[in-house]
Amino acid sequence: MCGRYALTSPPEAIRQLFGYAETPNFPPRYNIAPTQPIPIVTAQREDGGRMRHFMLARWGFLPGFVKDVREFPLLINARAETVVEKASFRNAMKRRRCLVPADAYYEWLKLTAGRRIARKPYLFHRADGAPMGLAGLYETYIGTDGAEIDTACILTTEASAATAAVHDRMPAIIEPGDFDAWLDCDAVSATEAAALLRPADADVLAFYEIGPDIGRVTSDGPALQLPLARTLTPT
């Protein structure tokens, strides 16, 4: 699963890559966690064309059929293998696909020693240093009181040949040349779009172990992304 990620590039660099109309200003975030507001990029048909837009959504998808949000599990990820058919996601996969801008994401390597389980965090980023467009879905949930909340999730797929050494899943990364196809819910069917949800090539991502502070939701700042060897205090 993908349960933490970072968005640290300057706002204008993100706007240039994703091509949305708005000019939002947002601070770098090194430890984005579930239930927090996250930037997403959508596309709507306007004046005979399609325009991309920036919006904020809660990271935690709520399908329209949910009656009591307190009894519904927090859906931060959707599996690419089942997203077209699964009731929670199939309508959004048809009509409400989005991109989630990110500069890095985090996973934990689980190591067992007897009854003990150690979890070592790793940072993953594009080897070329560019931001990533993670495949996502969004839904505007309307509560029983009529209040609306925009919600979103990130799609995951099998790990690449390289990243499988740490975790068996990874976010589905949409390459810039496929942004239009992923976002065009009118011309590109859910089944066709699902074909874009595949593991990244082995050389696309680089990764390294980082310190344990990333595990605390309240932690933030560039020090979280330092390689572990640089975070250790000399003795």
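Refer to the structure above for everything that follows.
Residues numbered from 1 in each chain as written. Predicted model: local features only at pLDDT ≥ 70, side-chain atom pairs only at ≥ 80, totals over all residues. Heavy atoms only, no water.

Enquirer: Now, about the pattern of salt bridges: what can you tell me, with residues and values included?
Expert: For the structure shown, the criterion picks out 13 salt bridges. Put simply, aspartate 180 and arginine 52 hold a salt bridge, and the shortest N to O gap is 2.5 Å. Residue aspartate 180 is located in helix H3 (residues 179-183), and its partner arginine 52 is located in strand E4 (residues 49-59); the two are separated by 128 residues in the primary sequence. Of the residues examined, aspartate 180 reaches a relative accessible area of 53% and is grouped as exposed. Taking relative accessible area as the criterion, arginine 52 reaches 17% and is therefore assigned buried. Put simply, aspartate 68 and arginine 70 hold a salt bridge, and the shortest N to O gap is 3.1 Å. (Salt bridge = Lys/Arg side-chain N within 4 Å of Asp/Glu carboxyl O. Helix = DSSP H or I, 4+ residues; strand = E, 2+ residues; numbered from the N terminus. Buried < 20%, exposed > 50% of the residue type's maximum accessible area, 1.4 Å probe, protein only.)

Enquirer: Give me the lowdown on the pairing of E4, citing residues and values where you can.
Expert: Relative to E4, strand E3 (residues 37-46) is paired through 10 bridges, and the arrangement is antiparallel. Note on E4: the bridge partner recorded for isoleucine 40 is methionine 55. The loop that links E3 with its antiparallel partner E4 comprises 2 residues; one of these, aspartate 47, has a positive phi angle of about 50 degrees. Where E4 meets strand E10 (residues 148-158), 2 bridges bridge the pair, whose relative direction is parallel. Within E10, the position partnered with tryptophan 59 by the bridge is alanine 152. (Pairing = 2+ DSSP bridges.)

Enquirer: Help me get a handle on unusual backbone geometry, residues and values and all.
Expert: Backbone phi values are negative for most residues with the exception of glycine, while trans is the configuration of most peptide bonds. Despite not being glycine, threonine 35 shows a phi value in the positive range, around 80 degrees. With respect to the element layout, threonine 35 can be found in the loop between strand E2 (29-32) and E3. The class for threonine 35 is partly exposed, based on a relative accessible area of 46%.

Enquirer: Lay out the sheet that holds strand E8 (residues 116-126) in plain terms, naming residues and giving numbers.
Expert: Taken in spatial order, the 5 strands of this open sheet run E2-E1-E7-E8-E13, and their pairing is antiparallel. Lying at the two open borders of the sheet, with one neighbouring strand each, are E2 and strand E13 (205-209). Looking at each pair of strands side by side, their axes are set apart by 30 degrees on average, direction ignored. Pairing between strand E1 (residues 4-7) and E2: 2 bridges, direction antiparallel. Bridging across to E2, tyrosine 5 finds its partner in isoleucine 32. (Axes fitted to C-alpha atoms, helices over the stretch in contact; angles between N-to-C directions.)

Enquirer: I'd like to hear about helix H1 (residues 11-18), residue by residue, with values.
Expert: Within H1 the residues assigned to the buried category are Pro11, Ile14 and Phe18. Buried residues along H1 cover an arc of 65 degrees about the axis, so they all sit on one side. Buried residues along H1 sit against E1, E3, E4, strand E6 (97-102), strand E9 (132-142) and H3. The positive-phi residue at the C-terminal boundary of H1 is glycine 19, with phi of around 65 degrees. (Arc of directions from axis to C-beta. Contact = heavy atoms within 4.5 Å.)

Enquirer: Talk me through the side chain of glutamine 225; I want residue IDs and the actual numbers.
Expert: You can see glutamine 225 is positioned in the loop between E13 and helix H5 (228-231). For glutamine 225, a relative accessible area of 17% puts it in the buried group. Here tyrosine 106 takes part through its side chain, which lies 3.0 Å from a polar atom of the side chain of glutamine 225. Leaving out residues up to four positions away in the same chain, glutamine 225 has contacts with Ala6, Thr8, Tyr30, Ala104, Tyr106, Leu123, Tyr208 and Ile210. (Polar contact = N/O pair within 3.5 Å; in protein donor to acceptor, adjacent residues only side chain to side chain.)

Enquirer: Can you tell me about the packing of aromatic side chains, naming the residues and giving the values?
Expert: Where two aromatic rings form a pair, the distance of their centres and the angle of their planes describe that pair. Applying the stated criterion to the full structure yields 9 aromatic pairs. On the basis of an interplanar angle of 70 degrees and a centroid distance of 5.3 Å, the ring pair of tyrosine 5 and tryptophan 59 is categorised as edge-to-face. Taken as a pair, tyrosine 5 in strand E1 and tryptophan 59 in strand E4 lie far apart in primary sequence, 54 residues in all. Here the two residues tyrosine 5 and tryptophan 59 agree in accessibility, since each one is buried. Pairing phenylalanine 26 with phenylalanine 54 gives two aromatic rings, centres 5.8 Å apart and planes at 5 degrees, and the pair type is stacked. Of this pair, phenylalanine 26 sits in the loop between H1 and E2 while phenylalanine 54 is found in strand E4, placing the two residues 28 residues apart along the sequence. For the pair formed by phenylalanine 26 and phenylalanine 54, the shared burial category is buried. An aromatic cluster of three or more residues is present, and its members are Tyr105, Tyr122, Phe124 and Phe207. (Phe/Tyr/Trp six-rings, centres within 6.5 Å; stacked < 30°, edge-to-face > 60°.)

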